[in-house]
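Here's the letter readout for the chains.
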Amino acid sequence: RDSSHALHEAIKAKTTATMSIPTPLITGSIGYLILCAVLICAVFVALATGQLSKDSAAIGNVVVIIASFAMWLFWLCAWLHQWHPLIAPEYEE
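Description of the structure in this document. All of these numbers come straight from a predicted model, not from anything done at the bench.

**With respect to the side chain of Ser68**
Right, on to step 1. When you line up the elements, Ser68 lands in helix H3 (residues 54–83).
Right, on to step 2. By relative accessible area, which is 5% here, Ser68 ends up buried.
Right, on to step 3. Leave out the neighbours within four places in its chain, and Ser68 touches Tyr32, Cys36 and Leu39.

See below:
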C-alpha cells in the first residue's frame with residue numbers, strides 16, 4: 001500500500017501542470033496592442049492637422065482596429081501551432 005501510494009504521489013507531482021499564460025504570448029499581445037495604439041494616434045494626428053476629414057478618420061480608426069486584430073489573430077494562431085507541435089522530428093543515428 002505504501003509503495004503504491006508513493007508511486008501515485010510521484011506520478012501526480014510529475015503530471016500536475018500549472019495553468020499560466022506563457023510569457024511570449026503576453027509580450028506579443030502587448031506588442032500588437034502598442035502597434036494598434038500608435039496607428040490610432042497617427043490617424044488622430046492626421047485628423048488634427050487637417051490631412052483627413054472627420055469621416056475619413058473614423059473609417060481609418062475602424063480599419064486600424066480591424067487590421068490590428070486580424071494581424072494579432074494570425075500571429076496568435078502561428079505561435080500556438082508552434083508551441084507544442086504534435087509531430088516531432090525523428091533523428092536517425
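From this point, the discussion proceeds with the structure in view.
**Some details on the packing of aromatic side chains**
Right, on to step 1. One pass over the full model with this rule turns up three aromatic pairs.
Right, on to step 2. With a centroid separation of 5.9 Å and an interplanar angle of 45°, the aromatic rings of Tyr32 and Trp75 are classed as tilted. Placement of the pair is Tyr32 in helix H2 (residues 23–48) and Trp75 in helix H3, with a sequence separation of 43 residues.
Right, on to step 3. Accessibility expressed as a relative area gives 23% for Tyr32, which makes it partly exposed.

Reading the values: rules and limits
- Residues numbered from 1 in each chain as written.
- Predicted model: local features only at pLDDT ≥ 70, side-chain atom pairs only at ≥ 80, totals over all residues.
- Heavy atoms only, no water.
- Helix = DSSP H or I, 4+ residues; strand = E, 2+ residues; numbered from the N terminus.
- Buried < 20%, exposed > 50% of the residue type's maximum accessible area, 1.4 Å probe, protein only.
- Contact = heavy atoms within 4.5 Å.
- Phe/Tyr/Trp six-rings, centres within 6.5 Å; stacked < 30°, edge-to-face > 60°.

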